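# Analysis of the macromolecular model
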Amino acid sequence: MNFKISKTVFYNALLIASRAISNFSPLPAFSGIKIEVKTDCIVLVGSDSDISIKTIIRADEEESLHIYETGSIVIEAKYILEIIRKMDSENIEFELIENASARIISETSEFKINGMRANEYPNIDFTCPILKFDMKSELLKEIISQTCFATSKSETRPVLTGVNFNCSHSRLNCVATDSYRLAKKTVDLEQDLDFNITIPARNLNEVMKTLDLDENVMIAVSDKKAQFVIANTLIQTRLIDGVYPETDRLIPVSFAYELEIDSQEITSAIDRASFIKNDGVSVIKLSLDEKECLLSSRSQEVGSSKENLKNGVFKGEHLDISFNGLYVFDALKVINKGKVRFSFSGDMKPFIVQSEDDASIIQLILPLRTYA
């Protein structure tokens, strides 16, 4: 095994593969990156058994890679990344030596590092599932960013730690909830498909880190795994077992009250009031009528705040409603543009937040009961 490669190209590929590696890897081999040198490319694999990433560096016309001898090795991710990052040469040479060790050479320095034999690395099945479709990377980024934040951080109900992708015909509904809030993104695909899977939010966030603008992503799914193919990188994730709760019935369809306001205005107002907390929760209260829209927060220990939402337009009878400020702040942050509409059914019923320009995303929040 022997090759010469651009330091930048090699480091960036190692970085992508390392994203799948956990500090709590179930097997010692999973703390390393498998480096497999073929006649025309280098294949790098990182995994923690939950998520696996395979990225390929191909020999190209730019001559950033020269392969002299094939072979394979597994090297601890943190060490190989640190070595390559700190080498001061534009190109480096990598050579396999005795006893599963490697020599890494630049113009001025040389490192020897111990590794593991590649046959000690668990076999990962990267076979592509039959059901597959394409999606623009920008749309996939929207799906992930507008839903993942609403997943549960608790393992009490594992299925809620993921985003549910439910496709019927050509309509794909992506839903995340932690039982106190819900985010739903709906997109139309170009082909009729039928699947219902739940992907861990952590793994989706790793997918998002790999996405660039203006490229297609090939997505393949089965009842056991999902794959995302982005250029020369394949990200494979396990699915979460269990039946995802039926969430459509939780979303109200009729409303008695409505608030229209600029998203930046109410986001900034919530942000200013968020330091006032009760038992670690920022409780925000809206007092709404057609004459005045007030946002307030109070705590016996900290103090209080009150702000007039000057540009808010409210329709309906007087309404007082309280909610977790962080939940609404998160929902507004992913909408992040233009006018938003708050639709209420009552002071203790779930309400929804939507962009007036984009009906494909729904954010639902449960109100809080207050006694002040």
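Before any of the text, the structure's been laid out above.
For the protein, the helix and strand inventory stands at six helices and 24 strands. Principal-axis analysis of the C-alpha atoms gives the protein an extent of 80 × 50 × 40 Å. Counting the 372 residues in the protein, one finds 51% classified as buried. A total accessible area of about 18800 Å² is found for the protein, and carbon and sulfur atoms account for 46% of it. Once the 42 positive and 55 negative side-chain charges of the protein are each reduced to a mean point, those two points are 4 Å apart.

Glancing now at empty space enclosed by the protein. Within this structure, the stated rule accounts for one cavity of 30 Å³ or more. Space inside the largest cavity adds up to approximately 60 Å³. Those elements giving two or more residues to the lining of the largest cavity turn out to be β10 (131–136), β11 (162–177), β12 (181–200) and β13 (216–221). The element contributing the most residues to the lining of the largest cavity is β12, with three residues.

All right, on to helix α6 (residues 325–335) then. Summarising burial for α6: eight of the 11 residues are buried, a large majority. Among the residues of α6, the N-terminal cap falls to Asn324, whose side-chain oxygen and the backbone nitrogen of Leu326 are separated by 2.9 Å. Two residues or fewer after α6 comes Asn336, characterised by a positive phi angle close to 55 degrees.

Turning next to the nonpolar core. Note on soluble globular proteins: their nonpolar side chains tend to be buried together. In terms of nonpolar packing, the biggest core is built from 38 residues, with Leu140, Phe165, Leu172, Phe195 and Phe228 touching the most fellow members. Going through the elements one at a time, β4 (51–58), β10, α3 (137–147), β11, β12, α4 (201–210), β13 and β14 (225–230) are the ones with two or more residues in this core. Tallying contributions element by element places β12 first for this core, with seven residues. Leaving out residues up to four positions away in the same chain, Phe165 has contacts with Ile143, Leu172, Asn173, Cys174, Phe195, Asn196, Ile197, Ile199 and Leu204. Ile5, Leu14, Ile57 and Met87 belong to the second-largest nonpolar core, a separate cluster that totals 29 residues.

Here we take up the sheet that holds strand β18 (residues 293–299). The four strands lie next to each other as β19-β18-β17-β21, forming an open sheet whose pairing is antiparallel. Each edge of the open sheet is held by one strand with a lone partner, namely β19 (303–308) and β21 (319–324). Between one strand and the next, the sheet's axes are offset by a mean angle of 20 degrees, whatever the strand orientation. As paired elements, strand β17 (residues 283–288) and β21 share six bridges and run antiparallel to each other. What sits directly across from Ser287, in β21, is Asp320. Contacts from helix α5 (residues 263–273) reach β17, β18, β19 and β21, with the element oriented near 20 degrees to β18. Packed onto the sheet, α6 meets β17 and β21 and runs at close to 85 degrees relative to β21.

Viewed as axis vectors pointing N to C, helix α1 (residues 7–18) and helix α2 (residues 77–86) meet at an angle of 155 degrees, and their least axial separation amounts to 10 Å. As judged from the angle between their axes, α1 and α2 are roughly antiparallel. The two elements α1 and α2 meet at a crossing, and its hand is left-handed. Every residue of α2 that contacts α1 at Lys7, Phe10, Tyr11, Leu14, Leu15 and Ser18 is listed here: Ile80, Leu81, Ile84 and Arg85. Each residue belonging to the contact of α1 with α2 can be placed in one class, and the counts come to seven nonpolar, one polar and two charged.

What follows concerns the pairing of strand β24 (residues 361–365). Burial analysis of β24 places five of its five residues in the buried class, the great majority of the element. Of the two faces of β24, the one holding Ile361, Gln363 and Ile365 and the one holding Ile362 and Leu364 are both buried throughout. Pairing geometry for β12 and β24, over five bridges, is antiparallel. Among the inter-strand pairings, Lys185 is bridged to a residue of β24, identified as Ile361.

Now for the pattern of salt bridges. For the coordinates displayed, the defined rule picks out 17 salt bridges. For the salt bridge of Asp50 with Arg238, the shortest nitrogen-to-oxygen distance reads 2.0 Å. Of this pair, Asp50 sits in the loop between β3 (41–47) and β4 while Arg238 sits in strand β15 (residues 233–238), and the two are 188 residues apart along the sequence. With a relative accessible area of 17%, Asp50 lands in the buried category. Here Glu95 makes a salt bridge to Arg103, at a shortest N to O gap of 2.8 Å. The exposure class assigned to Glu95 is partly exposed, which follows from its relative accessible area of 27%.

Criteria and cut-off values
- Residues numbered from 1 in each chain as written.
- Predicted model: local features only at pLDDT ≥ 70, side-chain atom pairs only at ≥ 80, totals over all residues.
- Heavy atoms only, no water.
- Helix = DSSP H or I, 4+ residues; strand = E, 2+ residues; numbered from the N terminus.
- Buried < 20%, exposed > 50% of the residue type's maximum accessible area, 1.4 Å probe, protein only.
- Areas by Shrake-Rupley, 256 points an atom, 1.4 Å probe, with all protein chains shown as cover.
- Lys, Arg positive; Asp, Glu negative; His and termini not counted.
- Charge placed at Lys NZ, Arg CZ, Asp CG, Glu CD.
- 1 Å grid on protein atoms, 1.4 Å probe; cavity = no way out; pocket = protein on both sides within 12 Å on 5 of 7 lines; lining within 4 Å.
- Points joined across faces, edges and corners; volume = space filled by probe spheres on them.
- Polar contact = N/O pair within 3.5 Å; in protein donor to acceptor, adjacent residues only side chain to side chain.
- Core = buried A, V, L, I, M, F, W, Y, C linked by side-chain atoms within 4.5 Å.
- Contact = heavy atoms within 4.5 Å.
- Pairing = 2+ DSSP bridges.
- Axes fitted to C-alpha atoms, helices over the stretch in contact; angles between N-to-C directions.
- Parallel < 35°, antiparallel > 145°, perpendicular 65-115°, else oblique.
- Left-handed = near helix turned anticlockwise from the far one by under 90°.
- Nonpolar A, V, L, I, M, F, W, Y, C, P; charged D, E, K, R; others polar.
- Salt bridge = Lys/Arg side-chain N within 4 Å of Asp/Glu carboxyl O.

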